[in-house]
Amino acid sequence: MMRAQGNGQAMHGHPLRLRQVAVVAVAAASVIGLSACSSGGGGSGGGSGGASAKSTTAPGNAEKGAITWWASPITTSGTDPRTVLISAFEKAHPGITVKLESAPNDTDTNRATLTTQISGGGGPDVYMGDVIWPAQFGAHQLAAPLSQYLPQSYWSTFASGLVGGATYKGQVYGAPFFEDQGFLYYRKDLLNKYNLPVPTTWEEVTADAKKVQAGGDVKYGYVFQGADYEGATCDFMEFLADAGGTVLNSDQTKSTLDSAAADKAMTFEQSLVTGGIAPKASSTFQETQAMNAFSGGDALFLRNWDYAYGQSQSSGSKVIGKVGVAPMPTFQGQPTPGYSNIGGWNLYVNPHSKNIAADLTFIQWMTGSDAQTTLATQFSEIPTNATVRSSADVKGKNPVLAIVSQTKLVPRPAQTPDYPQVSKAIYTAVNGVLAGSAQPKQAISSASTQIDSALSGGL
């Protein structure tokens, strides 16, 4: 989800991310959206997603012209990655000049501004946007279908699951730029003290938590995001995927949420609270509350985004030197690791751009090996390029990047323009169960009904 603090060091990254949770009306194109938890639809399948096999020649000159790039700050301190990347791109492609337009940090304001500009026939040529925008922007002609221009071979360079999340109605609208995802953070010192291996299943997480809690070393066994907001959808998608469930059918026209898998996922999430593993106040926990509990030394395990390792090692933390990171667990009997929800940022092209060919040159370079290596090694961002994220140089930068290539990704069900309503139905259900005001079966059934209503235009 959007990060309030840094990736690799405190306050390093993305004030653009924790503000991604509001639902706002964007009147210019009737686009209402939730932003990414540090997001998509579909499964975690191959990198090709919905990319078409044939490509069309893009209008313009691929090696000449001027383009504008609209992008929010990637970091809040130190060297600006955007200017570093622009400089390197212009050296590689001297015929193209790039003008940076700094977008608002608040993702909802960002989206509203872009919607107004593009729907009015203006706006930047290329823009950095949330990974859950493709359906909303594609449905309202606010983004060009990139897969009409770029071949299958290009889309196959991305890590599994990312292109599927950028696809709407068979077309890819966003080129994955840098990624975020869920990780399991754990207290190395306490697992060692109790001779416990790093858990790979939820059942092991529960058993380990009970043992360490009983020993009096932590107040909580596991802290996560369960408040009435987008983050609860992100966490639930991981449990749901681990249980083998889905939210929507293949053409995003009907809810598939009311299932045994969803009941298993929701019941387990509920048990974390009722069993005393997670705080009773989990229904109020966003990223900050969970992070504070873990950094304060009160929790054995934490589910959070990639910035959390850096924050846990920053000044004021009580767990400096004591934190490990692992892929998310899964349910016993399922292939390991478990699923990590996708967040992060894509690059989109304004359909009104006069030189789409140059825009595509820029996008291909920014998602290629040079730019992706720079993002990872200099700025600790998770690269989307599969080869780069598996390289030794990247893996050696920090413990999070070291395990990224081992993880398994699941997007959110954002391949529908009605995603905001879909997500609200999910996180409202999760929150009600965690707060004790609803039971899993009842909450899932109600959420499924709400999703079907939204998909049929009833909400």
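Rules of the game
Residues numbered from 1 in each chain as written. Predicted model: local features only at pLDDT ≥ 70, side-chain atom pairs only at ≥ 80, totals over all residues. Heavy atoms only, no water. Helix = DSSP H or I, 4+ residues; strand = E, 2+ residues; numbered from the N terminus. Expected span 1.5 Å × (residues − 1). Buried < 20%, exposed > 50% of the residue type's maximum accessible area, 1.4 Å probe, protein only. Arc of directions from axis to C-beta. Contact = heavy atoms within 4.5 Å. Phe/Tyr/Trp six-rings, centres within 6.5 Å; stacked < 30°, edge-to-face > 60°. Lys NZ or Arg CZ within 6 Å of the ring centre and 35° of its normal. Core = buried A, V, L, I, M, F, W, Y, C linked by side-chain atoms within 4.5 Å. Salt bridge = Lys/Arg side-chain N within 4 Å of Asp/Glu carboxyl O. Pairing = 2+ DSSP bridges. Axes fitted to C-alpha atoms, helices over the stretch in contact; angles between N-to-C directions. pLDDT = per-residue confidence, 0-100. Polar contact = N/O pair within 3.5 Å; in protein donor to acceptor, adjacent residues only side chain to side chain.

> Would you take a moment to explain helix α1 (residues 81–92) for this structure?
The α-helix advances 3.6 residues per turn, and as a result positions three or four apart in sequence lie on the same side. The end-to-end C-alpha distance of α1, which contains twelve residues, comes to 17 Å, matching closely the 16 Å that a straight helix rising 1.5 Å per residue would cover. Among all positions of α1, only Pro81, Arg82, Leu85, Ile86 and Phe89 are buried. Projected down its long axis, α1 carries its buried residues within an arc of 130°, all on one side. Close packing links the buried residues of α1 with β3 (65–71), β4 (96–102), β8 (175–181), α12 (356–366) and α13 (369–379).

> Would you explain the packing of aromatic side chains in this entry?
Aromatic ring pairs are reported here in terms of the distance separating the ring centres and the angle at which the planes meet. Taken as a whole and assessed by the stated rule, the structure comprises 21 aromatic pairs. Relative to tyrosine 348, the ring of tyrosine 127 lies with its centre 5.3 Å away and its plane at 15°, an arrangement referred to as stacked. Placement of tyrosine 127 in strand β5 (residues 126–130) and of tyrosine 348 in strand β13 (residues 339–349) is noted, with a sequence separation of 221 residues between them. Side by side, tyrosine 127 and tyrosine 348 carry an identical accessibility label, which is buried. Stacked on the ring of tryptophan 305, the Lys or Arg arginine 303 has its end atom at 4.2 Å from the ring centre.

> What am I meant to see in the nonpolar core here?
The tendency in soluble globular proteins is for nonpolar side chains to be buried as a group. Judged by nonpolar contacts, the single largest core of 70 residues is most densely connected at Tyr127, Tyr222, Phe236, Val247, Leu257 and Ile451. Counting residues in each nonpolar core, the second largest holds 38 residues, with Ala71, Phe89, Leu150 and Trp365 among its members.

> Can you walk me through the pattern of salt bridges in this structure?
Oppositely charged side chains can pair when the atoms bearing their charge come close. Enumeration according to the criterion identifies ten salt bridges in this entry. Linking aspartate 80 and arginine 82 is a salt bridge whose minimum nitrogen-to-oxygen distance equals 2.8 Å. Assessed through its relative accessible area of 21%, aspartate 80 is described here as partly exposed. A salt bridge links arginine 389 to glutamate 179, with the nearest nitrogen and oxygen atoms 2.8 Å apart. Placement of the pair is arginine 389 in helix α14 (residues 386–389) and glutamate 179 in strand β8, with a sequence separation of 210 residues. According to the relative accessible area criterion, arginine 389 is buried, its value standing at 4%. Exposure remark for glutamate 179: the relative accessible area of 1% places this residue in the buried category. Within the structure, one salt-bridge network assembled from shared partners comprises Asp235, Glu238 and Arg303.

> For this particular structure, what's the right way to read α13?
Listing the buried residues of α13 in full gives Ala371, Gln372, Thr374, Leu375, Ala376 and Phe379. Where α13 ends, the next residue or the one after it, serine 380, has phi of about 60°, a positive value.

> Even after reading the chapter, I still don't get the sheet that holds strand β11 (residues 299–304), so can you show me in this structure?
Where strands meet in a sheet, backbone hydrogen bonds hold them as pairs that are either parallel or antiparallel. Strand order across the open sheet formed by four strands is β10-β11-β9-β12, with mixed pairing between neighbours. Two strands close off the open sheet at either side, each with one partner strand: β10 (220–223) and β12 (323–326). If you compare each strand with its neighbour and ignore which way they point, the axes differ by 15° on average. Pairing geometry for strand β9 (residues 183–187) and β12, over four bridges, is antiparallel. Opposite leucine 184, over in β12, you have alanine 326 as the bridge partner. Across the sheet, helix α10 (residues 287–295) touches β9, β10, β11 and β12, and the angle it forms with β11 is around 150°.

> Whenever I open this one, the confidence of the model for the protein chain confuses me. Can you help?
Of the residues in the protein chain, 88% reach a pLDDT of 70 or more, and the chain-wide mean stands at 89. Under a pLDDT of 50 for its full length, residues 1–36 has, in the predicted model, 169 contacts with residues more than four places off or in other chains. Of the regions scoring below 50 in pLDDT, residues 38–50 engages in 63 contacts with residues more than four places distant in sequence or in other chains.

> What is the right way to read the environment of glutamine 141 from this model?
Among the structural elements, glutamine 141 can be located in the loop between α3 (134–139) and α4 (152–155). Spatially, the C-alpha atoms of glutamine 141 and proline 351 are 7.2 Å apart, while their sequence positions differ by 210 residues. In this view, glutamine 141 contacts Ile118 and Pro351; residues no more than four positions away in its chain are not counted. Only 3.2 Å separates the side chain of glutamine 141 from the backbone oxygen of alanine 139, close enough to count as a polar contact.

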